[in-house]
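Chain by chain, the residues run as shown.
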Amino acid sequence: LIGVYTNRHGERWELQLKGSGRTPYSRNGDGRAVLRSSVREFLCSEAMHYLGIPTSRAASLVISDDDVWRDQFYNGNIKKERGAIVLRLAKSWFRIGSLEILAHSGELDLQRRLLDFIIQEHFPSIAMNDSNRYLEFFSTVVSETANLIALWMSVGFAHGVCNTDNFSLLSITIDYGPFGFMDSYDPDFVPNTSDDEGRYKIGNQANVGLFNLSKLLQALKPLLDPRQKQLASQILEGYGERYYTRFTELFKTKLGLLGEKEDDNYLIAFLLKVSLLC
């Protein structure tokens, strides 16, 4: 993260470099990115924006003089590739993992300060003096995450690595790695060649979203009182209905279905099944 930029429209953007080298958080990685993946992130994040799907965006791409060694297909065949750096933008780069790691390490005061900062900066509808502000925050993230994944499904987008570090607290699409778009409908479609078990297959994205939100709730629980914990659990239980409702709305729009009819959901399921058989 290299800074915050406010444009002439008053929009605040956090600027981040991908592929610029090691940072204190690189662990054992080299912090580099190759040209092919950088071009893919640049193009796809812009495409997703113009498809109307919440996403980070790309501002520039610079080719690096550094040689980067990568095993593209995870088959032991390591090759030298051209490096690149993408300057990407988002309203915020905070993820579910940003809160999860603080809760795991018991840094509750820091977690509370960070959460208050995120709410104040990015959730203007939530009053900072509201004792239920963390509950309201969780409810918003649950609803918007369901909306985001339904939007992914509506265009056949598979993220590829849907862990808590890749799920934005602002419910935008971030960290374009081994993503892919389905050429034809296949719920078992996996764009990540290292995902041998199909954990992040496209048909499992909604379930993975629920799993990540449960991890967020677990991280928030030390900051909630017993009543709030119970209400938060009920909010999480409503995730499936929220996702299914939004998914249905999007597919009815694609099919040009008007009004509400009992057979609409059957028709959507039938057409998806037909496309799978084709």
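Residues numbered from 1 in each chain as written. Predicted model: local features only at pLDDT ≥ 70, side-chain atom pairs only at ≥ 80, totals over all residues. Heavy atoms only, no water.

Axis separation between helix 3 (residues 108-122) and helix 4 (residues 133-154) bottoms out at 11 Å; the angle between their running directions is 60°. Crossing handedness for the pair helix 3 and helix 4: left-handed. The segment helix 3 lies against helix 4, with Arg112, Leu115, Asp116, Ile118 and Ile119 engaging Arg133, Tyr134 and Phe137. Class assignment for the residues of the contact of helix 3 with helix 4 results in five nonpolar, no polar and three charged. (Axes fitted to C-alpha atoms, helices over the stretch in contact; angles between N-to-C directions. Helix = DSSP H or I, 4+ residues; strand = E, 2+ residues; numbered from the N terminus. Left-handed = near helix turned anticlockwise from the far one by under 90°. Contact = heavy atoms within 4.5 Å. Nonpolar A, V, L, I, M, F, W, Y, C, P; charged D, E, K, R; others polar.)

With that out of the way, let us pick up the pattern of salt bridges. Under the counting rule described, the total for this entry stands at 17 salt bridges. Where Glu46 meets Arg57, a salt bridge forms, and the shortest distance between an N and an O atom there is 2.6 Å. Linking Glu46 in helix 1 (residues 35-50) with Arg57 in strand 3 (residues 57-70), this pair joins segments that are 11 residues apart in sequence. The buried category is assigned to Glu46, whose relative accessible area is 17%. Salt bridges sharing common partners tie together Lys18, Glu41, Arg88, Arg95 and Asp175. (Salt bridge = Lys/Arg side-chain N within 4 Å of Asp/Glu carboxyl O. Buried < 20%, exposed > 50% of the residue type's maximum accessible area, 1.4 Å probe, protein only.)

Together, Leu255, Tyr266, Leu267, Phe270, Leu271 and Val274 make up a nonpolar patch on the protein surface, roughly 520 Å² of accessible area in all. For the nonpolar patch, the leading source of residues is helix 8 (residues 264-277), giving five residues. Tracing the backbone shows Leu267 in helix 8. (Patch = residues over 30% accessible without salt bridge, like charges linked within 9 Å, V, L, I, M, F, W, Y side chains within 5 Å. Areas by Shrake-Rupley, 256 points an atom, 1.4 Å probe, with all protein chains shown as cover.)

Along its sequence, the protein is carved into domain 1 (3-90) and domain 2 (96-254). Placing the centre of domain 1 and that of domain 2 at their C-alpha centroids yields a distance of 22 Å. For the pair domain 1 and domain 2, the summed buried surface comes to about 1500 Å²; carbon and sulfur atoms form 61% of the total. Across the contact surface, domain 1 and domain 2 share two salt bridges. For the interface between domain 1 and domain 2, the tally reads eight residue pairs in polar contact (both at pLDDT 80 or more). A total of five residues in the side of domain 1 that touches domain 2 trace back to one element, the largest contributor, which is helix 1. (Domains from an automatic or database assignment. Buried area = accessible area lost by both parts, 1.4 Å probe. Polar contact = N/O pair within 3.5 Å; in protein donor to acceptor, adjacent residues only side chain to side chain.)

This next bit is on the packing of aromatic side chains. In this structure the tally under the stated criterion is 12 aromatic pairs. Taken together, the aromatic side chains of Trp152, Phe157, Phe167, Tyr176, Phe179 and Phe181 make up a single cluster linked through ring pairs. Of note, Arg133 hangs over the ring of Tyr134, and the distance from its end group to the ring centre comes to 4.7 Å. Seen from the ring of Phe211, Arg199 lies directly overhead, with NZ or CZ sitting 5.2 Å from the centre. (Phe/Tyr/Trp six-rings, centres within 6.5 Å; stacked < 30°, edge-to-face > 60°. Lys NZ or Arg CZ within 6 Å of the ring centre and 35° of its normal.)

Another point: the nonpolar core. Burial of nonpolar side chains together is a common tendency in soluble globular proteins. By size, the foremost hydrophobic cluster in this structure holds 52 residues, and its most contacted members are Phe137, Trp152 and Leu216. A per-element tally of this core places helix 4 first, with 13 residues. Here this core spans two domains, and each of domain 1 (3-90) and domain 2 (96-254) adds at least three residues to it. Those residues in contact with Phe137 that lie beyond four places of it in its chain are Leu99, Leu115, Ile118, Ile119, Phe123, Ile126, Leu169 and Leu220. (Core = buried A, V, L, I, M, F, W, Y, C linked by side-chain atoms within 4.5 Å.)

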